[in-house]
Amino acid sequence: MCLAVPARVLEINGKVAIVDFGGVKREARLDLLPDVKIGDYVIVHTGFAIEKLDDKTAKEILQAWDEVLKAMEE
């Protein structure tokens, strides 16, 4: 199963970015999205950034995930 969780780009070194999934940092390849900049949100699949999200959409998705996690704790 795949989960589409937005990750924020923290660093870019060539075609590799360091992205942050709510405190968990991972590397992601940028080969498919050459226009990504630091601060952008992306969706990562199998180590590749496959979609760039605008801030509004990314924050809506992250808020929805927060609500799911809170519901699971109850």
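Residues numbered from 1 in each chain as written. Predicted model: local features only at pLDDT ≥ 70, side-chain atom pairs only at ≥ 80, totals over all residues. Heavy atoms only, no water.

*Asks:* Kindly report on helix α1 (residues 55–73), identifying the contributing residues and their values.
*Replies:* With 19 residues, α1 extends 27 Å between its outermost C-alpha atoms, agreeing within 8% with the 27 Å of an ideal straight helix rising 1.5 Å per residue. Capping of α1 at its N-terminal end is provided by Asp54; its side-chain oxygen lies 3.1 Å from the backbone amide nitrogen of Lys56. (Helix = DSSP H or I, 4+ residues; strand = E, 2+ residues; numbered from the N terminus. Expected span 1.5 Å × (residues − 1). Polar contact = N/O pair within 3.5 Å; in protein donor to acceptor, adjacent residues only side chain to side chain.)

*Asks:* I'd like to hear about the nonpolar core, residue by residue, with values.
*Replies:* Across soluble globular proteins, nonpolar side chains have a tendency to be buried as a group. One finds Ala7, Val9, Ala17, Val19, Ala28, Leu30, Leu33, Val36, Val42, Val44 and Ala49 forming the largest nonpolar core, which totals 11 residues. Dropping the residues within four chain positions of it, Val44 is found in contact with Val19, Phe21, Ala28 and Ala49. (Core = buried A, V, L, I, M, F, W, Y, C linked by side-chain atoms within 4.5 Å. Buried < 20%, exposed > 50% of the residue type's maximum accessible area, 1.4 Å probe, protein only. Contact = heavy atoms within 4.5 Å.)

*Asks:* Describe the pattern of salt bridges, and please don't skip the residues or the numbers.
*Replies:* Taken as a whole, this structure holds four salt bridges when the rule is applied. Across the pair Lys52 and Asp35 runs a salt bridge whose closest N-O atoms are separated by 3.8 Å. Of this pair, Lys52 sits in strand β5 (residues 48–53) while Asp35 sits in the loop between β3 (24–29) and β4 (41–45), placing them 17 residues apart in sequence. Residue class for Lys52 comes out partly exposed when judged on its relative accessible area of 32%. Among the salt bridges present, the one from Lys56 reaches Glu60, with a minimum N-O distance of 3.2 Å. On the criterion of helical spacing, the pair formed by Lys56 and Glu60 is a turn pair, its members being four residues apart in helix α1. Judged by relative accessible area, Lys56 falls into the exposed class, the value being 59%. Sharing partners across several salt bridges, the network here consists of Asp35, Asp40 and Lys52. (Salt bridge = Lys/Arg side-chain N within 4 Å of Asp/Glu carboxyl O.)

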